[in-house]
Amino acid sequence: MDWLLILDLFGVFVFALSGGFDAAKYKLDILGILVLSIATAVGGGIMRDVLLGVNPPVAFTNEIYLLTCLSGGLVVIFFSGRVEKHINWVNNADAIGLGVFAAIGAAKAVESGLGWVGVLMISAMTATGGGLIRDLLLREIPMILRADFYASAAIIGGASYLGAYHLGLSEQWSLLLSASIAIISRFIAMKYGLSLPNARGSKYRE
Amino acid sequence: MDWLLILDLFGVFVFALSGGFDAAKYKLDILGILVLSIATAVGGGIMRDVLLGVNPPVAFTNEIYLLTCLSGGLVVIFFSGRVEKHINWVNNADAIGLGVFAAIGAAKAVESGLGWVGVLMISAMTATGGGLIRDLLLREIPMILRADFYASAAIIGGASYLGAYHLGLSEQWSLLLSASIAIISRFIAMKYGLSLPNARGSKYRE
Amino acid sequence: MDWLLILDLFGVFVFALSGGFDAAKYKLDILGILVLSIATAVGGGIMRDVLLGVNPPVAFTNEIYLLTCLSGGLVVIFFSGRVEKHINWVNNADAIGLGVFAAIGAAKAVESGLGWVGVLMISAMTATGGGLIRDLLLREIPMILRADFYASAAIIGGASYLGAYHLGLSEQWSLLLSASIAIISRFIAMKYGLSLPNARGSKYRE
């Protein structure tokens, strides 16, 4: 439980970075950067809690979440000088958050007694929800479509948690293992994948 | 109840087609097509269940829904070769799903004891929610604004269900009747309606 | 309680105007204008109720809300002739709705026993949610990013409610005071603020 909180806050922090650095690319002011950091960081978890019937979501009841978002946003405001670097920072932070939230989403879905389908879907929505809100707010092509092997990395993470859990591993180790597997899959996909098809598709759209 | 499930799965299938064919237009890869199929197919029903307090939504607890989404997505992946055909396929599948989900949304809202306003609004959101998520993900002008007589076809469906229900028809017949009326109204609107005003409005926007 | 309802309906009405006039800019037909009016007017309150576990949201159970949305939409349809005026009307109505909903969101969050973080976040989401849905539907740069001092005006409103409430003011006076403070802050920001950075940022995006 404590482990889950620590890992959750780590995911919140990295997603706050990804949202903030994405906002910095658009030269948003400090408040815009904080709004993006918060929305990206807690968006996925709020979706997860709403779907699991946790009212109000934990991000509204535990101030540590907001403080973690703000600290992530402040890091961005401090380092947002070198814009050209941000794209990579956004993608890397996003990949780490994706894996962490996939694992936590799976753990909370298992806790609430869902079957494998529910666990995988909650896991994928927890992992991709925050980034989706970020992309919708900034009107970018959603990473879930633009990025190679993105939702699938989340699903691999959720499936790994299910596997580890049923093999009898403790929640801690299941979390760490599945998060690592999801993050590694995503980083491998970022290294070798190509997201050109989407970009072209939607360019020739507008 | 069984009837409701069968009709619901039919709506999920056609919306999975509409989301998938829309994704195919943008040359998304197989995973992107599946993501769009799932999001479009279960998005409206998830909104409905969240609003009615069904936690977790049925799409997370009954694997038949995900399997139906995937089968719809696979149909798209198999037939997505002839791109020029897709626009019509998207619109036709969307129109059928619109009517089916309007009827089911109304039925579930009546079951949970809502008044006529709640029934019509849940009906409209169930019917238009999946397509809205599809359009937001693909950054298209939402069909609810672009398309002629779209939300109104859903509302006509919801109202027909209310009427049939209060006239004492069984749930089955109320569902079939109201779904048919909504689908027919939408197809008539597609045949004779012109959505140019919106298109022009938003073209002169960007 | 009654006060809260009256103020809530006032916020619904002005947000219905802001959504409707925004829709009129795009030459949407009457139905499109009504859809935008309703989505903008009740969107924030539905988010708030879902997050606070009020199922179904009050907008679905009390027909006065829908009738208020429709009356706002009809006002737009009647006055939407002079398009050039609308931009100001959208912003002014939006600013008033922002303050009113920030106060009501804070009041309902306090009622449901949330701490200061939850109260501020619910307040901000109630105030900005409807406008965000409007901007997403019309594919505009979300006002929460485009507009100067927007989310912050909502947060100031929520904080003022908390302050007034803990100073022992009655709910009525806390509501009026915090709504006024939020609206005034937003109008001051609109008079002196400049939202160019965002606009440029996102222009150079597309």
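The structure under discussion appears in the preceding block.
## Considerations on the overall build of chain A
- The number of helices and strands found in chain A is 10 helices and zero strands.
- Expressed as a percentage of the 206 residues in chain A, the buried residues total 58%.
- Excluding contacts between residues fewer than 6 apart, the proportion of contacts in chain A whose partners are at least 24 apart in sequence is 77%.

## Digging into the interface of chain A and chain B
- At the junction of the two partners, chain A supplies 30 residues and chain B supplies 27 residues.
- Carbon and sulfur atoms make up 68% of the surface buried where chain A meets chain B, a total of about 2400 Å² over both sides.
- Put simply, chain A and chain B have zero salt bridges between them.
- Listed by contribution, the elements that provide at least two residues to the side of chain A that touches chain B are α2 (30-52), α6 (116-137), α7 (143-146), α8 (151-166) and α10 (196-203) of chain A.
- Of the residues assigned to the side of chain A that touches chain B, the class counts are 19 nonpolar, six polar and five charged.

## Overview of a nonpolar patch on the surface
- Where nonpolar side chains cluster on the molecular surface, the patch consists of L167, L169, W173, L177 and I181 of chain A and spans about 510 Å² of accessible area.
- Mapped onto the elements, L177 of chain A comes out in helix α9 (residues 171-192).

## Digging into the relation of the copies chain C and chain B
- With an RMSD of 0.0 Å, the operation that places chain C on chain B is a rotation of 120° combined with a shift of 0.0 Å along the axis. In the structure described here, the two chain copies are related by an operation that fits a three-fold rotation axis.
- The overlap is low: 15% of the interface residues of chain C also sit at the interface in chain B, so different surfaces are used on the two sides.

## Topic: the relation of the copies chain A and chain B
- Each copy of the sequence occupies a distinct position, and chain A is placed on chain B by a rotation of 120° and an axial shift of 0.0 Å, giving an RMSD of 0.0 Å.
- Interface residue correspondence from chain A to chain B reaches only 17%, placing this contact among heterologous pairings that use different surfaces.

## Looking at the interface of chain C and chain B
- If you look at the interface, chain C gives 26 residues, while chain B gives 30 residues.
- For the pair chain C and chain B, the number of links is zero salt bridges.
- Put simply, the parts of the chain that give the side of chain C that touches chain B at least two residues each are α2 (30-51), α3 (58-61), α4 (63-79) and α6 (116-137) of chain C.
- Top element by residues in the side of chain C that touches chain B is α2 of chain C. It accounts for eight residues.
- The residue inventory of the side of chain C that touches chain B, partitioned by class, reads 17 nonpolar, three polar and six charged.

## Section: the side chain of R139 of chain A
- Following the sequence through the fold, R139 of chain A ends up in the loop between α6 and α7.
- In terms of polar contacts, R139 of chain A uses its side chain to reach the backbone carbonyl oxygen of R139 of chain C, at 2.4 Å.

## Re the environment of V90 of chain A
All names here are of chain A.
- Within the element layout of this structure, V90 appears in helix α5 (residues 86-111).
- On the accessibility criterion, V90 (3% relative accessible area) is buried.
- Measuring from C-alpha to C-alpha, the distance between V90 and G105 comes to 21 Å, with 15 residues separating the pair along the chain.
- Once residues lying within four places of it in the same chain are set aside, the contact partners of V90 are S18, F21, D22 and R134.

## Structural notes on the environment of S174 of chain A
- With respect to the element layout, S174 of chain A can be found in helix α9.
- Spatially, the C-alpha atoms of S174 of chain A and G163 of chain A are 8.4 Å apart, while their sequence positions differ by 11 residues.

## Regarding the packing of α2 of chain C against α6 of chain C
Residues and elements named next belong to chain C.
- The N-to-C vectors of α2 and α6 enclose an angle of 145°; their axes lie 7 Å apart at closest approach. In this structure, the crossing between α2 and α6 has a hand that is right-handed. Residue-level contacts link L36, A39, T40, G43, G44, M47, R48 and L51 of α2 to I122, M125, T126, G129, G130, G131, I133, R134 and L137 of α6.

## A closer look at unusual backbone geometry
Residue and element names in this part refer to chain A.
- For the bond from N55 to P56, the omega torsion is -10°, close enough to zero to count as cis.
- In this structure, P56 sits in the loop between α2 and α3 (58-61).
- Although it is not a glycine, R139 adopts a positive phi angle of roughly 55°.
- With a relative accessible area of 16%, R139 lands in the buried category.

## Side note on the pattern of salt bridges
- For the structure shown, the criterion picks out 18 salt bridges over all chains.
- A salt bridge links D135 of chain A to R134 of chain A; the nearest nitrogen and oxygen atoms lie 3.0 Å apart. Each member of the pair, D135 of chain A together with R134 of chain A, is buried.
- A salt bridge links D49 of chain C to R48 of chain C; the nearest nitrogen and oxygen atoms lie 3.0 Å apart.
- Here D49 of chain C falls in the buried class, since its relative accessible area comes to 2%.

## With respect to the environment of A189 of chain C
All names here are of chain C.
- The residue A189 is located in helix α9 (residues 171-192) in this model.
- Note on A189: relative accessible area 10%, which makes it buried.
- Taking the C-alpha atoms as reference, A189 lies 8.7 Å from A153; in sequence the two are 36 residues apart.
- Here A189 is in contact with D148 and F149, once residues within four sequence places are set aside.

## Points about the packing of aromatic side chains
- Counted according to the given criterion, the structure contains six aromatic pairs over all chains.
- When the ring of Y161 of chain A is compared with that of Y165 of chain A, the centres are 6.0 Å apart and the planes differ by 20°; the resulting orientation is stacked. Taken together, the positions of Y161 of chain A and Y165 of chain A, both in helix α8 and four residues apart, correspond to about one turn of that helix.
- Relative to F101 of chain C, the ring of F15 of chain C lies with its centre 5.2 Å away and its plane at 40°, an arrangement referred to as tilted. Placement of F15 of chain C in helix α1 (residues 2-25) and of F101 of chain C in helix α5 (residues 83-111) is noted, with a sequence separation of 86 residues between them. Assigned by exposure class, F15 of chain C and F101 of chain C land together as buried.

Criteria and thresholds
Residues numbered from 1 in each chain as written. Chains lettered and ligands numbered in written order. Predicted model: local features only at pLDDT ≥ 70, side-chain atom pairs only at ≥ 80, totals over all residues. Heavy atoms only, no water. Helix = DSSP H or I, 4+ residues; strand = E, 2+ residues; numbered from the N terminus. Buried < 20%, exposed > 50% of the residue type's maximum accessible area, 1.4 Å probe, protein only. Contact = heavy atoms within 4.5 Å. Buried area = accessible area lost by both parts, 1.4 Å probe. Salt bridge = Lys/Arg side-chain N within 4 Å of Asp/Glu carboxyl O. Nonpolar A, V, L, I, M, F, W, Y, C, P; charged D, E, K, R; others polar. Patch = residues over 30% accessible without salt bridge, like charges linked within 9 Å, V, L, I, M, F, W, Y side chains within 5 Å. Areas by Shrake-Rupley, 256 points an atom, 1.4 Å probe, with all protein chains shown as cover. Least-squares fit on C-alpha atoms with pLDDT ≥ 70 in both. Polar contact = N/O pair within 3.5 Å; in protein donor to acceptor, adjacent residues only side chain to side chain. Axes fitted to C-alpha atoms, helices over the stretch in contact; angles between N-to-C directions. Left-handed = near helix turned anticlockwise from the far one by under 90°. Phe/Tyr/Trp six-rings, centres within 6.5 Å; stacked < 30°, edge-to-face > 60°.

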